[in-house]
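Descriptive analysis of the structure
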Amino acid sequence: MDLSSINPVLLVASIMVSATPILLAAMGEMVVEKSGVLNLGVEGMMITGAVVGFAVAVNTTSPMLGFVAAAIAGAALSLAFGFLTQFLLSNQVATGLGLTLAGLGLSALIGKPYEGMKSPTLPKLDIPVLGDLPVLGKMVFSHDIMVYFSLALVVAVWAFLKHTRAGLILRAVGESHDSAHALGYKVVRVRLIAILFGGACSGLGGAYLSLVRVPQWTEGMTAGAGWIALAIVVFASWRAGRVLIGAYLFGGVTVLQLNLQAAGANVPVALLSASPYLITILVLVVISARGNHGAPAALGRPFHASH
Amino acid sequence: MIRLEKRPQPSQAWTTFSPLLAVFLTMVVGGLLFGMLGASPFEAIRTIFWDPLFHPNFAAYSRPQLLVKAGPLILIAIGLSIGFKAGIWNIGAEGQYIMGAICGAGAGLAFYPSESPLIFPLMLLAGLAGGWAWAMIPAVLKTRLGTNEILVSLMLVYVAETILASAASGFLRNPEGMGFPGSRNFKEWGAAHNGELIANTGMHWGVVAAFIAVIAAYVFLSRHIQGFNVRLTGEAPRAARFAGVNPTRVVLFCLGLSGALAGAAGMFEATGPAGQISIDFNAGYGFTAIIVAFLGRLNPIGILLAGLLMALTYIGGELAQLMLSLPGAAIQLFQGMLLFFLLATDVFTNYRIRLSRKEAA
């Protein structure tokens, strides 16, 4: 095999691109889980975002409008989940699974006419001074706007959870909904907003896949990215900074295995294709072996104000 | 204002009624959806639910398909339901189904072209073992290290799919297949073929196994102490611990059982209706079985009925694709909606709706 064919500058640049969809979805899901809700429908919301974003971008020739539409679609889907789990008190695991199954069907239905089409993609930003730096310029400072948006989102979520009153309330609801309710906070309202935010982020992540990363629509194109995002939240022990590390790690594995396949590495292709999933399992194992890892105390528990 | 009031006991009537209401609501909303896709709603619903059984031209072909499709769904769902009852979420049945098929087919093909009557039982054992072993990965990780079984079992589906791809194009490829991917065709090898037991009914060994599983699960859950332990673990984990139920054993048992049944279903499918191991012989039964398990209220008899209904939507969906040119994905959405409506109507089982004025505090 020929490792010299792998260009380190392009490698880092493509890691950033391939990590962005997972990062967006995982950030959203982290906020949802911080509020005490486990939404297993990330995969379904992502793929719906992917197809809606693609369809809108093709029809309006504006990728930005595609992203907006994808966020709305993801949020709309998550609203169904929110309504069922928060008002009808359905089982969160089952409802999330249902959301994923329904989202996969819905996306295949919407996407049929768009298969094989090309969409307008986001332009690379032309950042004045930074973009002209010798190596770093190409590596870090010449991406499209969504890459930087996802990084800004990490900082924003971190600051929101750590330094604002609203963030404190959100965390209180996730740790003990009964206490939060007794203090007069609207548990259901807080959770619904968190769920909508998570849905919008998942939709954006999906649209980044279909509009920038691939950029095409194929049925089932998320291929487990939503589930990997869920795993990253666990890996990150529900901390924004570690979600970033996790997402870039997985982006790295994905890109590296593709590069190794292309370079004709002496490793079975099946093993390389399965490696992102195997490494996800491995990471989950390592994290769980470390013991208690800071999950919100009320995660997955239904809340019903009986008085 | 509308308030929900928790029932002291889950309502028996609503337990039975809510799946029916969910099916009805799905038909209404699904009909509207099909209307939007340009087909007459009533015709679409009739094509999906009625024509497969009673259409003068198609029924003869589609009626046997009912059992062919329901068999694996019921077999997998029975295994899943026992785990779900205990709060153990095996959602990787699709992967266990694939591994069961690969192991079962592999064990048989190792003895090709022997016509020994022991071949098929051996393949069944290998299928059971393959699914069981694949499910043991999340089970052991959960019991030893506390790893989340939902994520691990799901990730293993994708791993199983890559193994399937390399099996079909590599180590199980038909040596006489002129290089095309796909294993030998079991339909041409009597000793390993899981054919129809009674002509034109669709009845094959997998369907027999599904019926046996329904009865066994019913007896197990209502009459056996281990079945009681499983239910107790799900409904009151603390009480179960005090009663001396070993949670590790329950996890290993539930995941192992659901994996083995899914593996058997995969093996029956590969040697019967599918006929060979090919890259895409798996039709998503492992995921649809989750809907079947819930729609059947995690109750064996309910699962039997839900499996038949879901099989009907598969066949009806194909028919609707053919006759009304509705896209195949529509039926997938239809099935997802069914689960959603079921979970929504389930609120009436545990809660009662009260209309009340806001009381003065």
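For the structure, check the block above.
This section reports on the structure supplied with the text. Computed from a predicted structure; not experimentally measured.

Focus on unusual backbone geometry
All names here are of chain A. The phi dihedral of Leu-89 is positive, around 55°, even though this residue is not glycine. Phi is positive for Ala-223, which is not a glycine, with a value near 45°. With respect to the helices, strands and loops of the structure, Ala-223 is situated in the loop between α9 (187-213) and α10 (225-235).

Some thoughts on the packing of aromatic side chains
All names here are of chain B. Inspection of every chain in the model, using the stated rule, returns 16 aromatic pairs over all chains. Their ring planes at 35° and their centres at 4.9 Å tell us that Phe-84 and Trp-89 sit as a pair that is tilted. As far as burial versus exposure is concerned, Phe-84 and Trp-89 are alike and both buried. Through pairs of rings, three or more aromatic residues link up here, namely Trp-14, Phe-17 and Phe-348.

Concerning the pattern of salt bridges
With the rule as written, the count across this model stands at five salt bridges over all chains. In this structure, the salt-bridge partner of A:Lys112 is A:Glu219, at a minimum N-O distance of 3.9 Å. Here A:Lys112, found in the loop between α4 (92-111) and α5 (136-140), pairs with A:Glu219, found in the loop between α9 and α10; they are 107 residues apart in sequence, far enough to count as distant. Note that B:Glu318 is salt-bridged to B:Lys69, the shortest N-O span being 3.8 Å. Here B:Glu318, found in helix α13 (residues 300-323), pairs with B:Lys69, found in helix α4 (residues 59-85); they are 249 residues apart in sequence, far enough to count as distant. Its relative accessible area of 40% is what places B:Glu318 among the partly exposed residues. Owing to a relative accessible area of 10%, B:Lys69 belongs among the buried residues under this scheme.

Some thoughts on the interface of chain B and chain A
Listed per partner, the contact involves 36 residues of chain B and 43 residues of chain A. Taken together, the two surfaces of chain B and chain A that pack against each other cover about 3,300 Å², and 84% of this comes from carbon and sulfur. When the buried surface of chain B facing chain A is broken down by residue, B:Leu151, B:Met155 and B:Phe340 rank first, second and third, together holding 20% of it. The interface formed by chain B and chain A holds two residue pairs in polar contact (both at pLDDT 80 or more) in total. Sorting the residues of the side of chain B that touches chain A by element identifies β1 (2-6), α6 (119-145), α7 (149-171), α12 (285-295) and α14 (329-345) of chain B as the ones contributing at least two each. A per-element tally of the side of chain B that touches chain A places α7(B) first, with ten residues.

Points about empty space enclosed by the protein
Residue and element names in this part refer to chain B. Taken as a whole and assessed by the stated rule, the structure comprises one cavity of 30 Å³ or more. Taken as a whole, the largest cavity holds about 50 Å³ of empty space. Residue lining of the largest cavity: Phe-34, Ile-48, Gly-317, Ala-320, Gln-321, Leu-326, Pro-327, Ala-330 and Ile-331, and that is the complete set. Secondary structure elements with two or more residues in the lining of the largest cavity: α13 and α14. Sorting elements by how many residues they give to the lining of the largest cavity places α13 first, with three residues. A class-by-class count of the residues in the lining of the largest cavity yields seven nonpolar, two polar and no charged.

Things to note about a positive patch on the surface
Together, A:Lys162, A:Arg239, A:Arg242 and A:Arg290 line one region of the surface with positive charge. The exposure class of A:Lys162 is exposed, given its relative accessible area of 54%.

What about the side chain of B:Ser278?
Locating B:Ser278 in the fold gives a position in the loop between α11 (247-271) and α12. Each residue touching B:Ser278, except ones within four places of it in the same chain, is listed here: B:Leu164, B:Ala168 and B:Gly182.

Regarding the side chain of A:Thr85
With respect to the helices, strands and loops of the structure, A:Thr85 is situated in helix α3 (residues 63-87). For A:Thr85, a relative accessible area of 2% puts it in the buried group.

A few points about the packing of α3(A) against α4(A)
When two helices pack together, their arrangement is captured by the angle between the axes and the distance separating the axes. Residue and element names in this part refer to chain A. Following both chains from N to C, one finds α3 and α4 inclined at 155°, their axes separated by 10 Å at the closest point. Relative to α4, the element α3 is oriented roughly antiparallel. With respect to the hand of their crossing, α3 and α4 are arranged in right-handed fashion. In contact with Leu-77, Phe-81, Leu-84, Thr-85 and Gln-86 of α3, α4 contributes Gln-92, Thr-95, Gly-96, Leu-99, Gly-103 and Leu-106. Counted by class, the contact of α3 with α4 contains five nonpolar, six polar and no charged residues.

Calculation criteria
- Residues numbered from 1 in each chain as written.
- Chains lettered and ligands numbered in written order.
- Predicted model: local features only at pLDDT ≥ 70, side-chain atom pairs only at ≥ 80, totals over all residues.
- Heavy atoms only, no water.
- Helix = DSSP H or I, 4+ residues; strand = E, 2+ residues; numbered from the N terminus.
- Phe/Tyr/Trp six-rings, centres within 6.5 Å; stacked < 30°, edge-to-face > 60°.
- Buried < 20%, exposed > 50% of the residue type's maximum accessible area, 1.4 Å probe, protein only.
- Salt bridge = Lys/Arg side-chain N within 4 Å of Asp/Glu carboxyl O.
- Contact = heavy atoms within 4.5 Å.
- Buried area = accessible area lost by both parts, 1.4 Å probe.
- Polar contact = N/O pair within 3.5 Å; in protein donor to acceptor, adjacent residues only side chain to side chain.
- 1 Å grid on protein atoms, 1.4 Å probe; cavity = no way out; pocket = protein on both sides within 12 Å on 5 of 7 lines; lining within 4 Å.
- Points joined across faces, edges and corners; volume = space filled by probe spheres on them.
- Nonpolar A, V, L, I, M, F, W, Y, C, P; charged D, E, K, R; others polar.
- Patch = residues over 30% accessible without salt bridge, like charges linked within 9 Å, V, L, I, M, F, W, Y side chains within 5 Å.
- Areas by Shrake-Rupley, 256 points an atom, 1.4 Å probe, with all protein chains shown as cover.
- Lys, Arg positive; Asp, Glu negative; His and termini not counted.
- Charge placed at Lys NZ, Arg CZ, Asp CG, Glu CD.
- Axes fitted to C-alpha atoms, helices over the stretch in contact; angles between N-to-C directions.
- Parallel < 35°, antiparallel > 145°, perpendicular 65-115°, else oblique.
- Left-handed = near helix turned anticlockwise from the far one by under 90°.

Functional significance is not addressed by these values, which are geometric in nature.
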